[in-house]
Amino acid sequence: MRRWLLPTLFLAILIGAWQLAASSGALADLLNLESFVVASPLEIAESLWQSRSLLAENAWVTLKEVLIGYGCALVAGVSFAIAMHLSETVRLTFQPLIIASQTIPIVVLAPILVIGFGFGIGPILVIIGLVCFFPITVNTLDGLSSVDPEAIKMMRTLDASRGQILRRVEIPSASPYFFSGAKIAVAIAVIGAVLGELAAPDSGLGALIFRDMNQLETARAFAAVAILSAMAILLYAILALAERRIVTWR
Amino acid sequence: MRQDTKMPAETEEFAGSIASPASAVGAGASVSIRDLGHSYGELTTIARLDLELPAHGVLGLVGPSGCGKSTVLELIAGLQEPSRGEVEVAGAAGAPERLAHCALMPQRDLLLPWLSAIDNAALALRNRGVRRSEARDRAARLFERFGLAGFERARPSELSGGMRQRVAFLRTLIAGKPVLALDEPFASLDAITRAEMQQWLATTLSADPRTAILVSHDVEEALYLCDSVVVLSSRPARTITRLSSPAPRAADRDEAVTDPAFVTVREHAMQALRGGSE
């Protein structure tokens, strides 16, 4: 009960304060903006309802991008972590490159990808994949190598092959680490989708935000942001639930 | 890598023997160590060691902490290659052959927390490709004899220290290996549980004899469980003396360890141990 009550209460207080500040004009004064640009929570809620079909349509586009991009990052990240764990050559070859991939500024990369892949889902998936891959791979790899070496010796004297040690000992002990990485990555995946859509504003919530901000449709832009947050929280919750079902020994 | 083509057959035989303790016992294997020396880089852990252990013999290795006792077990079990000298198990010197003949019971129970007690015990069978249901059936038959009936599906965290240790020992036995390498198996238990487990292990080993090497820092434990005990010096390890346990020993542990002959040998061992660590 407290788990839901406390954040809900805090959010309600925050929204209430925002509503007061926005409707009294205090927020516009503070930000030095015209008051019609500043959206109050009530206006956002109104816009959420009025533009529901447009928002739902675009949310579905973004959700699809996130799910596909994130799914690819999960498969690639885990495969890479296992390959790097099993082979020192693979690890030495790719570790610096994987770290280097994180230093690429996505904001700069996005337009370049759009030139390469054209408008559409392609560049967006690449961006989501790129930002999610790192936390998943690094955490899973850490987990795989955190296994007690004594447990591996024990398994070897019980006739376990390399694959059986991986399957019965290393992968289960890495799973909590994997979930930490996967939970970080899912929040970043949503940001990645928005960044991609900003570079190629075709459809999706990111593209909608981009257009609405240019047209000073602030309330609808905030409504889109609220949906993005809800999406990230939902995906995170699904992962947390999966973790509780799978990692039962902690 | 592994040369264990005949292991599954031995396991069948073992599963039969342990279900009806009166029937024949699985194959034994001798252990022979000649002029063994070992070092990690600059650090010499074993100066020189010679050991002969007949099939079904039970040998204790006692010595001060950090003297390389556990390393000796790993060398016997084929988990490491010695820097110098020879280690033979059942006449075979190669590490893969030694590995195929030995099962290691580590100091901590190292039960896998994501598996139930029975799946932990059946690990060796699963590693050899036995189907899950059959592996569980075979392990379940031993649970009762080991005082673990009713705890088959419990997770390791739900078991007491003594029970965890018994599951770990069961896991080692089910592997059906002729040689058991026991690395301070009861060090983490409280004194009362440890005494119970020592008695239990003695009974188990006499019902199902194996060649066993027991590493311990507890002289009394080693003399009670083993036929003979080698006292090692502090690092780099060398043999100070080899003592025979008084035989026959009483079945009851408390009676056995208070026997005057036992006490005398224990004092000799303690003196040797003190002399070696100075």
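Think of each chain on its own: its residues are numbered from 1, step by step along the sequence as written. Lettering for chains starts from A, numbering for ligands starts from 1, and both go in the order in which the items are written. With the structure being a predicted model, the display of local features is reserved for residues of pLDDT at least 70 and the display and counting of side-chain atom pairs for 80 or more, all residues being used for whole-chain, interface and lining totals.

With respect to the overall build of chain B
The numbering of helices and of strands both runs from the N terminus, where a helix is a DSSP run of H or I of at least 4 residues and a strand a run of E of at least 2. Secondary structure summary: chain B contains eleven helices and nine strands in total. Any residue surrounded by 20 or more other C-beta atoms within 10 Å of its C-beta is treated as buried, while 12 or fewer makes it exposed and the intermediate range makes it partly exposed; C-beta atoms here are placed from the backbone. The proportion of buried residues among the 278 residues of chain B is 44%. Each residue is represented by a C-beta atom placed from its backbone, and any two residues with such atoms within 7 Å are regarded as in contact. Partitioning the contacts of chain B with sequence separation of at least 6, the portion at a separation of at least 24 is 69%.

Remarks on the overall build of chain A
A count of helical and extended segments in chain A gives eleven helices and zero strands. Each helix and strand of chain A, ordered N terminal to C terminal, gives the series α-α-α-α-α-α-α-α-α-α-α. Relative to its 250 residues, chain A shows a buried fraction of 34%. Excluding contacts between residues fewer than 6 apart, the proportion of contacts in chain A whose partners are at least 24 apart in sequence is 73%.

Quick notes on the sheet that holds strand β7 (residues 211-216) of chain B
Residue and element names in this part refer to chain B. Think of it this way: DSSP has to see at least two bridges between two strands before they count as a pair. Taken in spatial order, the nine strands of this open sheet run β4-β1-β2-β9-β8-β3-β7-β6-β5, and their pairing is mixed. Two strands bound the open sheet, and with one partner strand each, they are β4 (84-89) and β5 (102-105). Direction aside, the axes of adjacent strands within the sheet are offset by 20° on average. Bridge count for strand β1 (residues 31-40) against strand β2 (residues 43-53) is seven bridges, and the pairing is antiparallel. Paired with Ser-39 across the bridge in β2 is Thr-44. Working convention: axes come from line fits to C-alpha atoms, limited for helices to the stretch in contact. Angles between N-to-C directions cover 0 to 180 degrees. Contacts from helix α2 (residues 69-76) reach β1, β2, β3 (58-62), β4, β5, β6 (179-183), β7 and β8 (228-232) within the one sheet, and its direction differs from that of β7 by about 155°.

Quick notes on the environment of Val190(A)
All names here are of chain A. Inspection of the secondary structure puts Val-190 in helix α9 (residues 162-199). Remark: the alpha-carbon pair of Val-190 and Trp-4, spanning 186 residues in sequence, is separated by 23 Å. With sequence-adjacent residues up to four places away left out, Val-190 is seen in contact with Val-66, Leu-228, Met-231 and Ala-232.

Here we look at the pairing of β5(B)
All names here are of chain B. A two-sided burial pattern is seen for β5, the buried positions comprising Cys-102 and Leu-104 on one face and Ala-103 and Met-105 on the other. Here β5 pairs with β6 via four bridges, running parallel. The residue bridging Cys-102 from the neighbouring strand is Val-179, located in β6.

Some points on the domain arrangement of chain A
Residue and element names in this part refer to chain A. For the domains described, the bounds stem from an automatic or database domain assignment. Domain annotation of chain A identifies domain 1 (1-38) and domain 2 (41-246). Measuring from the centre of the C-alpha atoms in domain 1 to the corresponding centre in domain 2 gives 30 Å. Domain 1 puts five residues into the contact, and the matching count from domain 2 is four residues. The residue inventory of the side of domain 1 that touches domain 2, partitioned by class, reads four nonpolar, one polar and no charged. Under this grouping Gly is polar, as are all residues other than the nonpolar Ala, Val, Leu, Ile, Met, Phe, Trp, Tyr, Cys and Pro and the charged Asp, Glu, Lys and Arg.

Digging into the packing of helix α4 (residues 52-86) of chain A against helix α11 (residues 218-246) of chain A
All names here are of chain A. Two elements in contact, α4 and α11, have axes separated by 11 Å at closest approach and are oriented at 40°. Between α4 and α11, the crossing angle belongs to the class labelled oblique. Our pair here, α4 against α11, has a crossing hand that is right-handed. Together, Leu-55, Ala-59 and Leu-63 of α4 and Ala-223, Ala-224, Ile-227 and Met-231 of α11 make up the contact between the two elements. By residue class, the composition of the contact of α4 with α11 is seven nonpolar, no polar and no charged. Orientation is classified from the angle alone, with under 35 degrees giving roughly parallel, over 145 giving roughly antiparallel, 65 to 115 giving roughly perpendicular, and any other angle giving oblique. For any helix crossing, the convention is left-handed if the near helix is rotated counterclockwise from the far helix by under a right angle, and right-handed if that rotation is clockwise.

A closer look at the interface of chain B and chain A
Across the boundary between the two partners, chain B contributes 22 residues, which contact 14 residues of chain A. Elements that contribute at least two residues to the side of chain B that touches chain A include exactly β5 and α5 (123-127) of chain B. Residues belonging to the side of chain B that touches chain A are distributed by class as follows: 15 nonpolar, two polar and five charged.

Details of the packing of helix α6 (residues 106-117) of chain A against α9(A)
All names here are of chain A. In contact at an axis separation of 9 Å, α6 and α9 are set at 55° when each is read in the N-to-C sense. One element, α6, and the other, α9, form an angle in the oblique class. Taken as a pair, α6 and α9 cross one another with a handedness that is right-handed. Of α9, the residues touching α6 (which contributes Ile-106, Val-107, Ala-110, Pro-111 and Val-114) are Leu-195, Gly-196 and Ala-199. Each residue belonging to the contact of α6 with α9 can be placed in one class, and the counts come to seven nonpolar, one polar and no charged.

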